[in-house]
Amino acid sequence: AFLVLTDAAVLSVSLPACYPLEELQLSCSCPGGNATAVAAAVQELESMALCSKENEMECCAELVARFLELAEVELAPPEAATEHTAEVEVFPTTDVEVTARSGDGPSIPQYIK
């Protein structure tokens, strides 16, 4: 899983272990953007992910590239759309699963210890 942050928007992508047999999960947040433009961008990115026959790295690279294009022009707040400068930060994330057993405290997966 990873996040892509721009000044105007955030894209979160999570790849399942069985990708491409299972769909990847993505969400887009753009607090200052037009709701219609954000919905159209999310639909376009989801469509790209569904239609992609590429391996996960190529699929993610295509999604990130398109997201950056959308964030710069269509998702940016009106005053920021004319600046065309977007600093990009990419943060890898790790999904951590913590399960509790009756009588025990939470157990921490072995790969985290």
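For the structure, check the block above.
Analysis parameters
Throughout this document, residue positions are counted from 1 along each chain, in the order its sequence is written. This being a predicted model, a pLDDT of at least 70 is required before a residue's local features are given, and a value of 80 or more before pairs of side-chain atoms are given or counted; all residues contribute to the totals for chains, interfaces and linings. Side-chain measures were taken over the full set of non-hydrogen atoms in the model, leaving aside hydrogen atoms and water. A 1.4 Å probe rolled over the protein chains alone gives each residue an accessible area, and that area as a share of the maximum for its type sets the label: buried under 20%, exposed over 50%, partly exposed in between. Helix and strand assignments come from DSSP, with helices taken as H or I runs of at least 4 residues and strands as E runs of at least 2, each series counted from the N terminus. Two strands qualify as a pair provided DSSP detects at least 2 bridges between them. Counted as salt bridges are all cases of a side-chain nitrogen of Lys or Arg within 4 Å of a carboxyl oxygen of Asp or Glu.

Asker: Which residues make up the pairing of strand S3 (residues 25-29), and what values go with them?
Answerer: The alternating pattern of S3 places Leu26 and Cys28 on a buried face and Gln25, Ser27 and Ser29 on a face that is not buried. Across five bridges, the pairing between strand S2 (residues 10-14) and S3 is antiparallel. Opposite leucine 11, over in S3, you have cysteine 28 as the bridge partner.

Asker: Describe in detail the pattern of salt bridges, supporting the description with residues and values.
Answerer: The tally for this structure, following the rule as stated, stands at two salt bridges. Two residues, arginine 66 and glutamate 44, come together in a salt bridge whose shortest N-O distance is 2.5 Å. Of this pair, arginine 66 sits in helix H2 (residues 56-73) while glutamate 44 sits in helix H1 (residues 35-51), and the two are 22 residues apart along the sequence. Between glutamate 69 and arginine 66 there is a salt bridge, with its nearest N and O atoms 2.8 Å apart. Taken together, the positions of glutamate 69 and arginine 66, both in helix H2 and three residues apart, correspond to about one turn of that helix. What makes arginine 66 partly exposed here is its relative accessible area of 21%.

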